[in-house]
Amino acid sequence: MLHQSVRPTEKDIEKVVDEYGNMLFKICLVILGNAYDAEDAVQETVIKYLTKSPTFHDSEHEKAWLITVATNCCKNMRKFNFKRSHIDISDLQLYSKDKESYGLLEILMKLPDKYKSVLLLYYVEGYKVDEVAAMLKISVSAVKKRLQRGRELIRERYGKENV
Amino acid sequence: MMDFDKIRRAVNSIEMSTTMKNRIIENSIKARKEKAVHLSLKRKISVACVFTILLSIIVGIPIVNKNGGLHAANFVITAYAAGGDGISHNLSSEKAIFELSSEDRIGTIGSVSGDGSNLIFTNVMLNITGENIESITYNINKGKFVEDVTFTEKENNREWLLLEKIYIIYSEPGSEIFKGIKEIGDTYTVMYKDQGKYEYAIAIPHDGNYIIADDIIISVNVKYSDGNIEKQDIAVSQESDSISLKLK
């Protein structure tokens, strides 16, 4: 049981960044398309974590809270277009050593946001459809539709690239 | 047949650099320390009403009327924090300290003014009481008046938000209600009898390190039903972990 009713210490900050920083960065990088914005979103998420000091039932609850906050940050950044909105594929070379993944990541990053979030939570973080629905505050059928459409788009584009 | 497990492998190949990780830790620690030392960014003054402040500033200094004569103003400026439970601090030209403790506003993105300046969003609002007052005009030389608004997912679209000048939004995970900060501008006029309908708080600029700008003045112009106008300036300044208001 994790209880965070007290103000987090420096060790808590290091712990949360160590434990969840990379996961949040991956999600934010794919959604936002560049590392600068992704870093800002992660930073914003960690600061919210510190300032809100929420109480969590367990580590899964904590993880889900952080993911939800991070995806909301990304969504807001995109919505207001205050941040760079272009996809900077060169970032991939800096943050992924797996050259074979560049093509798929590029396709994923170019998808509309609504598909990216669902695909990331379902395929990468392993959440179930109903859990994704709860985290993104959308219906289960919307998650299913987005997964289906997202898969179709990836299949379509990845297929073409790999012919 | 596409293997969608490739998505997991591809995304998991992404790694945040150690430099970036350290920078995030460092910035978070710094932000936490700054919050303890300085007036923190985006702080609200509600904190479950524990530190709710009601400040009455009794205007008693000479003021020029429309005929150029001097007389003591006979209206009271009340500064209070939203959600208050009636704790009050009266003051004339002495500083009225607003202890800032409380809940931080979260999820801010960019400036409410849209001009890139950093703002601290207080919950401090102003109210006037007096006889035969028709309207009140407030003017702030640096900063903005803002209003807390709530709206639903349905309204949460870029066009509507921009039209309404709601530039900062946030929501709690699991909630369908969005909270936002709407820009009112650096001036507004309110009819005396309608004051209760307008809950406009003060947002004051800071330098990026939570040090607020110097010489912030809120001008209050009270127009009486006989046409006389009285003006009173309020100086806003920074204390160690709070802000103060005093008559100027």
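Note that the structure is predicted; figures quoted are calculated from it, not measured.

For chain A, the helix and strand inventory stands at 8 helices and 0 strands. Going from the N terminus to the C terminus, chain A shows its helices and strands as α-α-α-α-α-α-α-α. In chain A, which comprises 163 residues, the proportion classed as buried is 53%.

Next up on the list: the pairing of strand β15 (residues 229–238) of chain B. All names here are of chain B. Of the pairings in the sheet, the one linking strand β14 (residues 216–224) to β15 comprises 8 bridges and is antiparallel in character. Its bridge partner lying in β15, I216 is registered against V236. Linking β14 to β15, which pair antiparallel, is a turn of 4 residues; within it G227 sits at a positive phi near 100 degrees. Inspection of the sheet shows β15 paired to strand β16 (residues 242–247) by 5 bridges, in the antiparallel sense. Each residue of the ladder has a partner; that of I234, found in β16, is L247.

Let's shift gears to the confidence of the model for chain B. All names here are of chain B. For chain B, mean pLDDT is 71; residues scoring 70 or higher make up 60% of the total. Within the model, the stretch residues 37–72 combines pLDDT values under 50 with 148 contacts to residues more than four positions away or in other chains. Note that pLDDT drops below 50 for residues 101–114; the model gives that stretch 64 contacts with residues more than four away or on any other chain. Scored as a whole, the predicted complex attains pTM 0.51, and scored at its interfaces, ipTM 0.86.

What follows covers the confidence of the model for chain A. Per-residue pLDDT for chain A has a mean of 82; in total, 83% of the residues score no lower than 70. Counting interchain partners and residues more than four positions distant, the pLDDT-below-50 stretch residues 1–5 of chain A has 14 contacts.

Bringing the packing of helix α1 (residues 10–32) of chain A against helix α6 (residues 113–124) of chain A into the picture now. Residue and element names in this part refer to chain A. Relative to each other, α1 and α6 sit at 155 degrees, their axes nearing to 9 Å. Taken together, the axes of α1 and α6 lie roughly antiparallel to each other. Helix-helix and strand crossings are classified by hand; for α1 and α6 the assignment is right-handed. From α1, I27, V30 and I31 reach across to α6, where they touch D113, K116, S117 and L120.

Attention now moves to the pattern of salt bridges. For the structure on display, the rule yields 13 salt bridges over all chains. For A:K116, the salt bridge identified is with A:D113, shortest N-O distance 3.4 Å. One end of the pair, A:K116, and the other, A:D113, are both in helix α6, 3 residues apart, so they sit about a helical turn from each other. On the accessibility criterion, A:D113 (24% relative accessible area) is partly exposed. Close ionic contact of B:D194 with B:K193 constitutes a salt bridge, the shortest N to O distance being 3.8 Å. For B:K193, a relative accessible area of 69% corresponds to the exposed category.

Let us now look at the state of the cysteines. Residue and element names in this part refer to chain A. Using the criterion set out here, one finds 0 disulfides over all chains in the structure. Cysteine C28 shares no disulfide, and the gap to the nearest cysteine sulfur, in C74, comes to 3.6 Å. Not part of a disulfide, C73 finds its nearest cysteine sulfur in C74, a span of 6.7 Å.

This brings us to the packing of aromatic side chains. All names here are of chain B. All told, the structure shown has 8 aromatic pairs over all chains when counted by the stated rule. Measuring from ring centre to ring centre gives 5.0 Å for F145 and Y188, while their planes differ by 85 degrees; the resulting arrangement is edge-to-face. With F145 in strand β9 (residues 144–152) and Y188 in strand β12 (residues 187–191), this residue pair connects regions lying 43 residues apart in the sequence. Taking relative accessible area as the criterion, F145 reaches 1% and is therefore assigned buried. When the centroid spacing of 4.6 Å and the interplanar angle of 80 degrees are considered together, the rings of Y188 and Y200 count as edge-to-face. One end of the pair, Y188, is in strand β12; the other, Y200, is in the loop between β12 and β13 (201–206), with 12 residues separating them in the sequence. Assigned by exposure class, Y188 and Y200 land together as buried. By the ring-pair criterion, three or more aromatic residues cluster together here, those being Y138, F145, Y188, Y198 and Y200.

Cut-offs used in this document
- Residues numbered from 1 in each chain as written.
- Chains lettered and ligands numbered in written order.
- Predicted model: local features only at pLDDT ≥ 70, side-chain atom pairs only at ≥ 80, totals over all residues.
- Heavy atoms only, no water.
- Helix = DSSP H or I, 4+ residues; strand = E, 2+ residues; numbered from the N terminus.
- Buried < 20%, exposed > 50% of the residue type's maximum accessible area, 1.4 Å probe, protein only.
- Pairing = 2+ DSSP bridges.
- pLDDT = per-residue confidence, 0-100.
- Contact = heavy atoms within 4.5 Å.
- Axes fitted to C-alpha atoms, helices over the stretch in contact; angles between N-to-C directions.
- Parallel < 35°, antiparallel > 145°, perpendicular 65-115°, else oblique.
- Left-handed = near helix turned anticlockwise from the far one by under 90°.
- Salt bridge = Lys/Arg side-chain N within 4 Å of Asp/Glu carboxyl O.
- Disulfide = S-S within 2.5 Å.
- Phe/Tyr/Trp six-rings, centres within 6.5 Å; stacked < 30°, edge-to-face > 60°.

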